[in-house]
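Here is how the chains run, residue by residue.
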Amino acid sequence: KKETSLFMGEPMEGISSSIRAQVISEYRKRNGPRRLRYVRYANSFVIFVNGTGSESEQVRIMIADFLQQRLHVPLDSRALVSRSTSKNGVLFLGTRIFRETLPSGRAVFRTNASGQLLTQKLESAGFCDSHGEPIPRTKWHHHERELIVRLYNHTLSTLCNYYAFADNSHATARRIRYTMQHSCAKLLAAK
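Residues numbered from 1 in each chain as written. Predicted model: local features only at pLDDT ≥ 70, side-chain atom pairs only at ≥ 80, totals over all residues. Heavy atoms only, no water.

S.K.: For the overall build of the protein, give the residues involved together with the corresponding values.
M.R.: For the protein, the count of helices and strands is 5 helices and 7 strands. Seen in sequence order, the protein has helices and strands lined up from the N terminus as β-α-β-β-α-β-β-β-β-α-α-α. The long-range share in the protein, meaning contacts at least 24 apart out of those at least 6 apart in sequence, stands at 61%. Entry remark: accessible area of the protein is about 11100 Å², with carbon and sulfur atoms responsible for 49%. (Helix = DSSP H or I, 4+ residues; strand = E, 2+ residues; numbered from the N terminus. Contact = heavy atoms within 4.5 Å. Areas by Shrake-Rupley, 256 points an atom, 1.4 Å probe, with all protein chains shown as cover.)

Here's what the structure looks like:
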């Protein structure tokens, strides 16, 4: 039985294009076209393998060999991970990637930003509490009002761009905007 597997990695900046070209072309020579899908953001990447877990592991080994033997990049044992998307999906860049079967029978991959991970990210940065309730970011209290607004707007823009590839990017952007606006208002009110 076929299942869809994937592997993820975080190699050094600038070499993921080489990985894509070399490994995908080699794999397709052996196994045919249209069985791999590659997604990259900065130096992180994920490759979907439409096949079994052992086929996914074969691709993971090819990438590890390419990095270590041809590019001489030392790898941490956690650098490349092979997982199956057949159950709950996998986390990649704060999103959950999962396989969905459409009514037509066609399988597609979906990416949804995780609300829990987003809340944790905003909490660790000081914009909300652990329940997602906006709080003033007191680290910025000493700045002038205009700079505070610019800092909030920059953070809002950066986070929305980061999650733009997710299928639920609009709902995620609304959540980020709500948190940023209310956190900013609370900080300005405290000044």
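S.K.: Tell me what's going on with helix H4 (residues 145-162), and back it up with residues and numbers.
M.R.: Helix length check: H4, at 18 residues, gives a terminal C-alpha distance of 26 Å against a target of 26 Å (1.5 Å per residue), a fit within 8%. Considered for burial, the residues of H4 that qualify are Ile148, Tyr152, Thr155, Leu156, Leu159 and Tyr162. For H4, the buried positions fall inside an angular range of 135° around the axis, keeping them on one side. Opposite the packed face of H4, turned more than 90 degrees from it, sit the exposed residues Glu146, Arg150, His154 and Asn161. (Expected span 1.5 Å × (residues − 1). Buried < 20%, exposed > 50% of the residue type's maximum accessible area, 1.4 Å probe, protein only. Arc of directions from axis to C-beta.)

S.K.: Tell me about the pattern of salt bridges, and name the residues and values.
M.R.: Per the counting criterion, the structure on display carries 2 salt bridges. Between Glu100 and Arg110 there is a salt bridge, with its nearest N and O atoms 3.0 Å apart. Placement of Glu100 in strand S6 (residues 95-101) and of Arg110 in strand S7 (residues 107-113) is noted, with a sequence separation of 10 residues between them. A salt bridge links Glu133 to Lys186; the shortest N-O distance between them is 3.7 Å. With a gap of 53 residues between them, Glu133 in the loop between helix H3 (115-124) and H4 and Lys186 in helix H5 (residues 169-190) connect regions that are remote in the sequence. The partly exposed category is assigned to Glu133, whose relative accessible area is 40%. (Salt bridge = Lys/Arg side-chain N within 4 Å of Asp/Glu carboxyl O.)

S.K.: Any details on the packing of aromatic side chains? Residues and values, ideally.
M.R.: For any two aromatic rings, the description comes down to two numbers: the centre-to-centre distance and the angle of the planes. One pass over the structure, following the stated rule, counts 4 aromatic pairs. Considering the side-chain rings of Phe127 and Tyr152, the 5.6 Å spacing of their centres and the 65° angle between planes classify their relative orientation as edge-to-face. In this pair, Phe127 sits in the loop between H3 and H4 while Tyr152 sits in helix H4, placing the two residues 25 residues apart along the sequence. Judged by relative accessible area, Phe127 falls into the buried class, the value being 3%. Through successive ring pairs, a cluster of aromatic residues spans Phe127, Trp140 and Tyr152. Above the face of the Phe98 ring, Arg96 is positioned so that its terminal group lies 4.2 Å from the ring centre. (Phe/Tyr/Trp six-rings, centres within 6.5 Å; stacked < 30°, edge-to-face > 60°. Lys NZ or Arg CZ within 6 Å of the ring centre and 35° of its normal.)

S.K.: Outline H3, listing residues and values.
M.R.: For H3, the complete set of buried residues consists of Leu118, Thr119 and Leu122. Burial along H3 is one-sided: seen end-on, the buried residues are contained in an arc of 100°. Among the exposed residues of H3, those oriented more than 90 degrees off its buried face are Gln116 and Ser124. Buried residues in H3 make contact with H4 and H5. Trailing H3 by a residue or two, Gly126 shows a phi angle of about 90°, which is positive.

S.K.: Just give me the short version of the packing of H4 against H5, but keep the residues and values in it.
M.R.: One way to put it is that H4 packs onto H5 with a least axis distance of 10 Å and a crossing angle of 165°. The pairing of H4 with H5 is recorded here as roughly antiparallel in orientation. Two packed elements cross with a definite hand, and for H4 against H5 that hand is right-handed. Between H4 and H5, the residues in contact are Arg145, Ile148, Val149, Tyr152, Thr155, Leu156, Leu159 and Cys160 and Ala173, Ile176, Arg177, Met180, Ser183, Cys184, Leu187 and Leu188, respectively. Considering only residue class, the contact of H4 with H5 consists of 12 nonpolar, 2 polar and 2 charged. (Axes fitted to C-alpha atoms, helices over the stretch in contact; angles between N-to-C directions. Parallel < 35°, antiparallel > 145°, perpendicular 65-115°, else oblique. Left-handed = near helix turned anticlockwise from the far one by under 90°. Nonpolar A, V, L, I, M, F, W, Y, C, P; charged D, E, K, R; others polar.)

S.K.: If you had to explain the side chain of Thr172 to someone new, which residues and values would you point to?
M.R.: Assignment of secondary structure puts Thr172 in helix H5. Within the local environment of Thr172, its side chain forms a polar contact with the backbone oxygen of Asn168, the two atoms lying 2.9 Å apart. (Polar contact = N/O pair within 3.5 Å; in protein donor to acceptor, adjacent residues only side chain to side chain.)

S.K.: Residue-level account of the pairing of S6, with values.
M.R.: As paired elements, strand S5 (residues 90-92) and S6 share 3 bridges and run antiparallel to each other. In the strand pairing of S6, Leu91 is matched with Arg96. From the end of S5 to the start of S6, which pair antiparallel, there are 2 residues, and Leu93 there has a positive phi angle of about 55°. Pairing of S6 with S7 involves 7 bridges; the strand directions are antiparallel. Each residue of the ladder has a partner; that of Phe98, found in S7, is Arg110. Linking S6 to S7, which pair antiparallel, is a turn of 5 residues; within it Gly105 sits at a positive phi near 95°. (Pairing = 2+ DSSP bridges.)

All quantities given are derived from atomic positions and should not be read as evidence of function.
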